[in-house]
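Structure assessment
Take a look at the letters that make up each chain.
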Amino acid sequence: MRDYLLTLCVTAAVTYLLTGPVRKFAIATGAMPEIRARDVHREPTPRLGGIAMFFGLCAGLLVADNLQNLNGVFELSNEPRALLSGAALIWLIGVLDDKFEIDALIKLGAQMIAAGVMVMQGLTILWIPVPGIGTVALTSWQGTLLTVALVVITINAVNFVDGLDGLAAGMVCIAAAAFFLYTYRIWYGYGIEAAAPATLFAAILIGMCVGFLPHNMHPARIFMGDSGSMLIGLVLAAGAISVTGQVDPDALKIFEGSTRQATHAALPVFIPLLLPLTIIAIPFADLVLAVVRRTWNGKSPFAADRGHLHHRLLEIGHSHSRSVLIMYFWSALIAFGVVAYSVHSASMWILLVVVALSAVGLVLLLLPRFTPRAPLWAQAYVPPRYRRRRRTAAAVEAPEALEGTEGGADGAAVGAACAHAQEHEPAAEVRTPVPAGVNGATAIGARSRLPDRRKAGSRQ
């Protein structure tokens, strides 16, 4: 455990220290795309944060290779080298996309090629445990197709959820922490050395996310971009493939005794079939809903829009930070709930706790819909968000006056319309410009009740 923690800390330190110089490099090279209609930030923010994360990955693997207790992972398995090869390829494509906006189909092809590179070097699914049947060996083609599918789905699920400051890195960090606990139990508790690579991948992934989050939390100073989101998605998929397809269920000696006892004992082996999906359950649900929504509207599945889960949370009325925390909560509940159930499947307390926390999460999710409003006589004694808003005709006509003005000759009309609207509107309703801050921030306040519905890609 100390060696894993040392690897995690080195990875986090390298990622954290390199993110600052990478931000300056991104600004110097112009890797700051224009604001798109689907974006929630208001100022161009540098990308290429995946560069620091990739070097953190390399540092973690290098340190682990020189530690006595982890050196055996590199001697007995070729999986770390396979991960590094696939990660380098997907990272390079991501860097080019952050700078030059590569076509979505080209990125999809690159993801499949990166998965194929890992398969060629031995990181593939060899067998899967099936409840009621046992271990089913896969042919070479079946293992390759299943591996490529899992890699592509995981990468795109993480990429789709990367829409708010700190959201993707935090959710993947939570998933990697739950996955680390699961794989460490398989490796240490059952003595299965084949689970050591997946445990190492999870520790390194936690370090990559922890090191990048201080720079990416709201208001973000830098975005990870596709070079970072696709990279951490690939590492997460590699760990799931390693523990699912490389650990032989028969080595755990669990298929003994009665059928019921064998079923309960086999849960730690059957869980890998579900765990790779549960730890990305929220991003995967967002991915499926996005594909269905876009195809239903006659658009390409790769066409960007503002219908993602985090966009809907903002439209409900949640702030930027609260939306991120809600997504964190649901990710942790699903991932750690599944891991806890795999350890104590016979305990009903775990199920009851998960159900109770789910109810709490639903209340927090719908809280803006039930915001209480104070009566008129108590308006002066409560915070502004609980006061009743009174909009006059002049306040409604002000935006129309703004839209109809052009050029310097109409500047006086604009000022008069704004002043007239502010005189008849409460102080809480006066909209003030959002300051950029000292960090080149992407901060925004509470979202407008009339969200921007223009097509993605249009200029603001």
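Placed above this text is the structure.
Residues numbered from 1 in each chain as written. Predicted model: local features only at pLDDT ≥ 70, side-chain atom pairs only at ≥ 80, totals over all residues. Heavy atoms only, no water.

1. Side note on the packing of aromatic side chains
Summed over the entire model, instances satisfying the criterion amount to 9 aromatic pairs. When the centroid spacing of 5.8 Å and the interplanar angle of 80° are considered together, the rings of Tyr4 and Phe180 count as edge-to-face. In this pair, Tyr4 sits in helix H1 (residues 2-29) while Phe180 sits in helix H7 (residues 167-189), placing the two residues 176 residues apart along the sequence. Residue Phe180 is classed as buried on the basis of its relative accessible area, which comes to 10%. With centroids separated by 5.9 Å and ring planes inclined at 80°, the aromatic side chains of Phe329 and Trp330 adopt a geometry described as edge-to-face. The exposure class assigned to Trp330 is buried, which follows from its relative accessible area of 18%. Put simply, the rings of Tyr4, Phe180, Tyr184 and Trp187 touch in pairs and so form one group of aromatic residues. (Phe/Tyr/Trp six-rings, centres within 6.5 Å; stacked < 30°, edge-to-face > 60°. Helix = DSSP H or I, 4+ residues; strand = E, 2+ residues; numbered from the N terminus. Buried < 20%, exposed > 50% of the residue type's maximum accessible area, 1.4 Å probe, protein only.)

2. A short note on the side chain of Ser229
The residue Ser229 is located in helix H9 (residues 225-245) in this model. For Ser229, a relative accessible area of 0% gives the class buried. Within the local environment of Ser229, its side chain forms a polar contact with the side chain of Asn159, the two groups lying 3.1 Å apart. Not counting the four nearest positions on each side in its chain, Ser229 is found in contact with Val158, Asn159, Asp162 and Met224. (Polar contact = N/O pair within 3.5 Å; in protein donor to acceptor, adjacent residues only side chain to side chain. Contact = heavy atoms within 4.5 Å.)

3. Considerations on the environment of Gly72
Relative to the helices and strands, Gly72 is located in helix H3 (residues 71-76). The spatial distance from the C-alpha of Gly72 to the C-alpha of Ala196 is 9.1 Å, given a sequence separation of 124 residues.

4. Comments concerning the pattern of salt bridges
Throughout the structure, instances matching the rule amount to 3 salt bridges. In this structure, Asp226 and Lys107 form a salt bridge, with 2.8 Å as the shortest nitrogen-oxygen distance. You can see Asp226 sitting in helix H9 and its partner Lys107 sitting in helix H5 (residues 104-120), a full 119 residues away along the chain. Exposure remark for Asp226: the relative accessible area of 11% places this residue in the buried category. The buried category is assigned to Lys107, whose relative accessible area is 14%. The network of salt bridges with common partners includes Asp97, Lys107 and Asp226. (Salt bridge = Lys/Arg side-chain N within 4 Å of Asp/Glu carboxyl O.)

5. Concerning the environment of Leu17
Along the polypeptide, Leu17 turns up in helix H1. When the C-alpha atoms of Leu17 and Gly211 are compared, they prove to be 8.1 Å apart, with 194 residues separating the residues in sequence.

6. With respect to the state of the cysteines
Tallying each qualifying case throughout the model produces 0 disulfides. Take Cys173: it sits in no disulfide, and the sulfur closest to it among the cysteines is that of Cys209, at 5.3 Å. Look at Cys173 and you get buried, because its relative accessible area is 14%. (Disulfide = S-S within 2.5 Å.)

7. Some points on the nonpolar core
Formed by 93 residues in total, the largest nonpolar core has its most connected members in Tyr4, Leu57, Leu200 and Leu205. It is H7 that provides the largest number of residues to this core, a total of 15 residues. Contacts of Tyr4, omitting those with residues within four sequence positions, involve Leu70, Phe180, Tyr184, Trp187, Ala196, Thr199, Leu200 and Ala203. (Core = buried A, V, L, I, M, F, W, Y, C linked by side-chain atoms within 4.5 Å.)

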